[in-house]
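Fold and geometry: a report
Each chain is listed here by its residues.
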Amino acid sequence: MDATSPILRLNSVSKSFGGKPAVSDVSFEVRPGEIVGFLGPNGAGKTTSLRMALGYVSPDAGDVSLFGGSPGESAFGRVGFLPEERGLYKKQNARESIAYMARLNGMTRRDAFATADDMLDRYGLGDAKRKKNKDMSKGMAQKVQLLSAIAHDPEFYILDEPFSGLDPVNQKVLEEMVREIASRGRTILFSTHVMEHAERLCDRIVLMSRGQKVFDGSVPEALDHAPRRVILASENSGLTEAVTSFAQDVERREDGALDLLLKRDAQTPDILERCVQAGVRLTRFEPMRASLHEAFVALVGEDALESDMSEETA
Amino acid sequence: MSASSNASRKGLPNFSRIWLIAMRDFMGYVKTWGFWLSFLFPVIGLGFGIMMESSDIDFSPPRYETVIDQTGVHGQGIMDFYAAEREEQMTSSVLAMAILLPESEQEDFRERVERDGADAGMAELQARYPAAAEQIELPKATMIFVDPPAPTLPGLTAWLDGDRSLDIDGKAARLNGAIVIRGTAEDPQPQYWSKNFNNAPAERLINRYFRDLAKRRYLEAGGLSAAGYDEAVSGRTRVDVFDPAELSGATEDDAAAISMLDRLPFFAGIGLSFFLLMSIFAGSFMLLTSMIEEKMNKLLEMMLASTRFSEIMLGKMLGAAMLTMASLAPYIILTLGGLIGFLIFGNPEQVAAIREAFPLSTIVTSFAFLVLGYVFYASILIALGALAQSMQDAQTLSLPIMLVMFMGIGVIMFGFNAPDSTLVTFASIFPLTSPFAMMIRLASDPPLWQVLLSLGLLAASVVGVMSVCARIFRFGVLSGSGVGAIGRWFRKTILRKAV
C-alpha cells in the first residue's frame, strides 16, 4: 500500500438484516489525509457501512479493504473508532478509561497513562483525571470516550455521530479537536446527520439515503445541487409579480421580504434587470448561500428524507 | 502505532489483550466491599472463633436437670443410663483419635482404651503430643443432673420459671427441667417438665432408657440377659471391603482391605466436583452481570476496533475465574497449607499412602476436566449474557443452565454411592455432566479409553460451544438484541416461519 492508496475502500457492498436491506451497492473511498463526512439521516445505513468498514459485520455482497487488506485484526492499533452509542465503565476514572483503551491498542502501561494525563490536560479535563466516570457530566464523559478512542494516535479515525448529544460549546471543542487531528495529517471519516458540521470540517462528503449512496464529492460540488435562494424587499408594489417567473417557490417572510427559491436556470442579474424594468425599487437584494441540508434535500427529495428518519424510529 | 505492534499472529489470540480485559473485570469486582467481605469472611470467622474461645462465654452450657422419682428405681436408672452412654461416647471419641498415631500402634492403643477407659486413652494421647494437649479434648456433657431444690413439682415451679437459680460451685445457674416419675417400679409414668420444650435432650434420654428397659425385660422374660444380647451383637460377623485393583501382591489371608485412605480419592473427586460447581455458580453471576454492564456501557463496539471477539470472551472468562479463585483463596490456601504441612510433617506411612492414592496422572486429568468444565459453562453463560438486556433476562436465560448444573449435583451424589453404575459411566462421558462425573470416577480407576473419550468429547464440545457462543456473543453485542431474538431466530430458522 503506497501513500496515495485509499485507506478505506468499500466496493459495491450490500447488507441486509432479516431480509430488509440496510445498505445497497455502496462504494466509496477514503484517501490518506482526508476529512470525509459520511452524511445522511438516521436509518440511512451509515452505521452498518461503518461496521462493515471495520469488519464487525461481513457484507452480503461486495468487498471492503482497510489499509489495503481485509478489515479486522491487521488494522488493530491503526484505527480509532468512536461508536454512535456511548458509554464508559462507571467505576473507572477518566485516566483509567483512556489508558485502558490505549493499552488494548498496543501502548505500554506507562505510555498509556502518560498520554491519558497529557490529553486530559490538553483538552481541559485536567481536574477530572481521577473523577469516576459515573460522576461526570454527559459532555465530559463523551469527551473522555473520544479521547479513549484516539489516545493511541491512530492513522485513521472513524467517528460515528461524534457530535450527537453534545451542547454547542462542546460541539465547538470537538470540531477543534477534529481540526487539530487533521492538521497532523491523520485521516478522518465521521458520520453525522447534522450537515453544518460536515460543511465546516470536511474535504469531501458521502451522502447516504435509504441504504444507498446519493452523492460523493466535495462540499462545493454538493452545494451546486442545492437550489439557490434570494431575499428581496421593496417599498413599491409589484415585486411579487415581477419575480415570480424566476422562482420555484415564493414565501413572504415575517419582516415582509420575499424569500425566493430560484429555478435551476434563473440568474440573479436577470432578476435585478426585471425589477428595474418593472419600476420596482429594491430595498434589499440578498442572494443566500445554499446549505448542505438543502443540497441533500435536493439530491434525495423531502420524501426520502422523512422516510429514512421514520424507518429509524419505527 | 505500527501495524505490527498490536496484531497477533493470524488465528491466535493476543494474551496481553486477554489479560488486560481479565484484569479490568477482576479489579472492577475486587474494588467492591462485597468482595472483601467474602474474602475476609474466613479470617473474620477465625478471629471471632478465637475471641469466643478466649472469652468465658459458653454458647452451649450444660443443662441442669433434676429428678423427682416416686418409683425409687427409674430416677437413678435414667442417670446411670446417661452416665453409661456418656462413657461410651467418650470411648468412641478417643478410639477415633487413634488415627493420630502411627498405623502400627493404633490397634494396641484401641485395645488399651477398651480395657482402661476413655480417660486413660486421653491421658496417653496428651502425654504423647504435649504441644497439642490443649486441643485434644473430649466432648462436653450436655446434661448435668442435680438434686431437686424442692421435693415436689409445685415447689420446683420457681426454679423452672427462672425466678430462682441453682447454686453450682458458687455460680448461679438455671434449672432447665425436671423429670418426674410417678407410678410404681413396674408401671412408671414419666413426665418431663421444662420451659425449653422445643429441644429437650432429657426427653430423648428418658425414651431411650425406657426402650432399653423394655428390651431387657422382654429378654429376661425369655430367660435371656440383655448383656448377653449386646455381646452377641457386638461380636457379630463383619464384612470387609476390598478393591480388586489392590489384589496384586495380596493374599487371601492377608488381603489389603479398604481403609479410609483408599476412600480418600473419592472424597477428593467429590470435593473437586463441588469446587467446579461452586466456581461456575460464583463465576456465573459475574459473567452475566459483566456482559450486561458491557452492553449497557456500549464499550464493546469500541474495543472491537482493537480486540477480537474471542479475546473479549476469553478475557471475561479469565477475569471471572480469577475472581472466583480470589474469593476462595483463603480456603484454597488453608487446604493447600494443611496438605503441604501434612506431607512434610505428617505420619510417613499416611503420607506415602496419600501419595499413592493421588498419582500425578490423576491430578493432571482432574485439572484438565476442571478447566474444560469451567470454560464449557462459562462460554454458554457469556453468550447468554450477551443476549440479555437486564438481570431479569439473564436469570431467565441462565435458568436452564443452572438446572443442568443441578443435574451435576445429582451425579455427584449418585456417583459417590455407585461410581461404576451405567448412569455415572454415561454421565462421565456426556459433555454436559462429564466434568463432574469423571472427577469422581477417576478415583475408581476407570478404563483409559473412557477417560480419553470423555476428555476428547469435552474438548471438542468446548471448541464447538465456544464457536457457537462467539457467534451468539457477536450477534448479541452488535444487534443489541435481547431474549426475544432467540424466539425470532427459532421461528425463522427452525420453524421456517416468517417473522
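Since we're looking at a predicted model, the values are computed, not measured. (Residues numbered from 1 in each chain as written. Chains lettered and ligands numbered in written order. Predicted model: local features only at pLDDT ≥ 70, side-chain atom pairs only at ≥ 80, totals over all residues.)

What follows concerns the overall build of chain A. Check the secondary structure of chain A and you find 11 helices and 13 strands. Taking the contacts inside chain A whose residues are at least 6 apart along the sequence as the reference set, 71% of them involve residues at least 24 apart. (Helix = DSSP H or I, 4+ residues; strand = E, 2+ residues; numbered from the N terminus. Contact = placed C-beta atoms within 7 Å.)

As a further point, take the packing of helix α2 (residues 94-104) of chain A against helix α4 (residues 138-150) of chain A. Residues and elements named next belong to chain A. Running from amino to carboxyl end, α2 crosses α4 at an angle of 30 degrees, the nearest separation of the two axes being 7 Å. In this view, α2 runs roughly parallel relative to α4, as classed from their interaxial angle. The crossing of α2 and α4 is right-handed. Here Ala94, Ser97, Ile98 and Met101 of α2 lie close against α4, whose contacting residues are Val144, Leu147, Ser148 and Ala149. Along the lines of polarity and charge, the residues of the contact of α2 with α4 split into six nonpolar, two polar and no charged. (Axes fitted to C-alpha atoms, helices over the stretch in contact; angles between N-to-C directions. Parallel < 35°, antiparallel > 145°, perpendicular 65-115°, else oblique. Left-handed = near helix turned anticlockwise from the far one by under 90°. Nonpolar A, V, L, I, M, F, W, Y, C, P; charged D, E, K, R; others polar.)

Turning next to the interface of chain A and chain B. Contact with chain A, which involves 29 residues of that partner, is made by 23 residues of chain B. Counting only elements with at least two residues in the side of chain A that touches chain B, the list comes to α1 (46-54), β5 (79-82) and α2 of chain A. Per element, the largest residue contribution to the side of chain A that touches chain B is four residues, and it comes from α2(A).

All names here are of chain B. The N-to-C vectors of helix α5 (residues 103-116) and helix α6 (residues 118-128) enclose an angle of 140 degrees; their axes lie 6 Å apart at closest approach. Of the possible angle classes, the one that applies to α5 and α6 is oblique. Where α5 approaches α6, its residues Arg112, Val113 and Asp116 are matched on the opposing element by Ala118, Ala120 and Gly121. Classifying every residue of the contact of α5 with α6 by side-chain character gives three nonpolar, one polar and two charged.

Before going further, it helps to spend a moment on the pairing of strand β8 (residues 204-209) of chain A. All names here are of chain A. In terms of residue burial, β8 counts as a mostly covered element, since six of its six residues are buried. Direction of pairing for β8 relative to strand β9 (residues 212-217): antiparallel, over a ladder of five bridges. Note that in β9 the partner of Ser209 across the bridge is Gln212. Between the end of β8 and the start of β9, which pair antiparallel, lie two residues, with Arg210 showing a positive phi angle near 50 degrees. (Buried ≥ 20, exposed ≤ 12 C-beta atoms within 10 Å, placed from the backbone. Pairing = 2+ DSSP bridges.)

Residues and elements named next belong to chain A. We note that Asp25 has phi near 50 degrees; this positive angle belongs to a residue other than glycine. Within the element layout of this structure, Asp25 appears in strand β2 (residues 20-30). Judged by the 14 C-beta atoms lying within 10 Å of it, Asp25 is partly exposed.

The pairing of strands in a sheet comes from backbone hydrogen bonds and takes either a parallel or an antiparallel form. Residues and elements named next belong to chain A. Spatially, the three strands line up as an open sheet ordered β2-β1-β4, and their pairing is antiparallel. The outermost strands of the open sheet, each flanked by one partner alone, are β2 and β4 (61-66). For this sheet the average axis-to-axis angle between neighbouring strands, irrespective of direction, equals 25 degrees. Note: strand β1 (residues 8-17) against β4, five bridges, orientation antiparallel. The partner of Asn11 across the bridge, within β4, is Asp63. Packing of α1 onto the sheet brings it into contact with β1, β2 and β4, and relative to β1 it is tilted by some 120 degrees.

Soluble, globular proteins show a tendency: their nonpolar side chains are buried together. One finds Ile98(A), Ile158(A) and Ile382(B) to be the most contacted residues of the largest nonpolar core, which totals 137 residues. Top element by residues in this core is helix α14 (residues 360-387) of chain B. It accounts for 14 residues. With sequence-adjacent residues up to four places away left out, Ile382(B) is seen in contact with Leu287(B), Met291(B), Met313(B), Lys316(B), Met317(B), Cys469(B) and Phe473(B). By size, the runner-up hydrophobic cluster in this structure holds 15 residues, among which are Tyr82(B), Leu160(B), Ala178(B) and Tyr209(B). (Core = buried A, V, L, I, M, F, W, Y, C linked by C-beta atoms within 7 Å.)

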